[in-house]
Amino acid sequence: MGRWQLQEIGLTERLIRTRVFHGGLIRLHRGVYAVGHRALTVESRWMAAVLAYGPDAVLSHRSAGQLWRLCPRSEIAPEVTAPGSKLSKGGIVVHRGSLPADEVGRMWGIPVTSVARTMLDLAGMLKEREVERAWNEMEVREYRLRLSVPDLLERYPGRKGTVLLARLASGKAPPVGITRGELEERFLALADRFALPRPRMNVHLAIRDRFYEVDCLWEDRKVAIELDGGAAHRTRRAFEKDRERDRILTAVGYTTARLTWRQITETPAEVAADLRLILTPYPLSDGSGDLRPLPPR
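Please read all numbers here as calculations on a predicted model, not as lab measurements.

Mean pLDDT for the chain: 81, with 74% of residues reaching 70 or above. For the chain, per-element mean pLDDT is lowest for strand β12 (residues 283-285), which scores 44, and highest for helix α5 (residues 115-123), which scores 96. Per-residue pLDDT stays below 50 along residues 283-297; that stretch engages in 16 contacts with residues further than four places along the chain or on separate chains.

Right, here's the structure in full:
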């Protein structure tokens, strides 16, 4: 609890000091106390950080992203947004400013920036791929937004990260989908590093009255790539089904290929060069040894 909350319920400064001395109140930050115990959850640490900056402070940025489950949990200092001076307190990252009422809310009793405002803050500090993942989580969780991201883009034009958010909100950003593990993350990083067009991930295709799940799909180019991590493909049945699926996709006009963890991590330039050829329709040499696409037919 905050000192100001204790005073609101009738505790004087003397009573507060007495309870701190006897262990009934345990100091977490200046003016913030745990009541009777030190067993703190992540959520209680977030609440303590908010209380440390008074009744107008809210959890924000990466901490808010974790609270809303837009970002994976990680060991970072609590982040809050609060009005006032730039004086900071140990173990807390403070962003100074006053937020309109429609940009804040509560989650599990913790004052926090709204989902849309959290996305705006994250877009200004995270890498593009991390923002895309947070956006995907927001859509999957189907939050009902009183104030939408487009509303905030109109309110804060030109702010860092707004160009990316505008693309995501318009649906013009590459539809990445949900990734499944480090192998897929490594592959997407390879695509970005070598300026390859991004695929859709984990896509279901209906072919010959069957459904096939494709790890990486460029639908407009009819290219389907599988990422073989090993464990999912070790059984004989899995081996047979994988080959059957590749055969059927090839028969209906898809180009298929398989990539392994070792290929992606140890020979990324070679993988990228081959993918560029696979994704380029009708490669043809112009005599110089370089490959170029044929003109449209």
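So much for the structure itself; the text now carries on.
If a strand is regular, its side chains alternate between the two faces of the sheet. Bridge count for strand β8 (residues 200-207) against strand β9 (residues 210-218) is seven bridges, and the pairing is antiparallel. Paired with L205 across the bridge in β9 is Y212. Joining the antiparallel neighbours β8 and β9 is a turn of two residues, in which R208 adopts a positive phi near 55°.

Nonpolar side chains tend to gather and get buried jointly when the protein is soluble and globular. Of all hydrophobic cores here, the largest spans 36 residues; its most connected members are Y53, L59, L70, V80, M119, V149 and L165. Residue assignment for this core shows that the elements contributing at least two residues are α3 (42-51), α4 (61-67), β4 (79-82), β7 (110-113), α5, α6 (128-141), α7 (149-155) and α8 (162-170). Of all the elements, α5 adds the most residues to this core, at six residues. What L165 contacts, discounting residues up to four positions off in sequence, is M119, L120, A123, V131, W135, V149 and L153. Ranked by size, the runner-up nonpolar core spans 18 residues in total, among them L183, V271, L275 and L279.

The next subject is the side chain of D121. As for its placement among the helices and strands, D121 is situated in helix α5. Using a relative accessible area of 3% as the deciding quantity, one classes D121 as buried. Residue contacts for D121: discarding those within four places in its chain leaves S60, H61, T113 and R159.

This brings us to the side chain of T118. With respect to the helices and strands, the residue T118 is situated in helix α5. A polar side-chain atom of T118 sits 2.8 Å from a polar atom in the side chain of T113. Not counting chain neighbours up to four residues away, the residues in contact with T118 comprise H61, A64, G65, W68, L70 and T113.

With that settled, the discussion passes to the packing of aromatic side chains. For any pair of aromatic rings, the description consists of the separation of the ring centres together with the inter-plane angle of the planes. Under the definition given, this model contains two aromatic pairs. Ring plane angle 75° and centroid distance 5.6 Å describe the contact between W68 and Y143, whose orientation is recorded as edge-to-face. Taken together, the positions of W68 in the loop between α4 and β4 and Y143 in the loop between α6 and α7 put the pair 75 residues apart, joining distant regions of the chain. Lying across the ring of Y156, R117 places its NZ or CZ 5.3 Å from the centre. Over the ring of Y156 we find R159, and its NZ or CZ is 5.6 Å from the ring centre.

The rules behind the values
Positions within a chain are numbered from 1, following the residues in the order the chain's sequence is written. Only residues with pLDDT of at least 70 get local features here, since the model is predicted, and only at 80 or more are side-chain atom pairs given and counted; chain-wide, interface and lining totals rely on the full set of residues. In computing side-chain values, all of the structure's heavy atoms are included and hydrogens and water are not. As a per-residue measure, pLDDT reflects the predictor's confidence and takes values from 0 up to 100. Counting from the N terminus, the helices are DSSP H or I runs at least four residues long and the strands are E runs at least two residues long. In what follows, residue pairs with any heavy atoms lying within 4.5 Å of each other are defined as contacts. Between any two strands, at least two bridges found by DSSP are needed for them to pair. Side-chain atoms within 4.5 Å are what join buried Ala, Val, Leu, Ile, Met, Phe, Trp, Tyr and Cys residues into a set we call a nonpolar core. We call a residue buried when its accessible area falls under 20% of the maximum for its residue type, exposed when it is over 50%, and partly exposed in between, using a 1.4 Å probe and counting protein chains only. In the analysis that follows, any N or O atom pair within 3.5 Å is treated as a polar contact, provided that within protein one partner can donate a hydrogen and the other can accept it, and provided that, for residues neighboring in sequence, both atoms belong to side chains. Geometry of aromatic contacts follows a simple scheme: Phe, Tyr and Trp rings, the Trp one being its six-membered ring, pair when their centres are within 6.5 Å, and the pair is stacked under 30 degrees between planes, edge-to-face over 60, tilted otherwise. For a ring to carry a charge above it, either NZ of a lysine or CZ of an arginine must fall within 6 Å of the ring centroid while also lying within 35 degrees of the normal to the ring plane.

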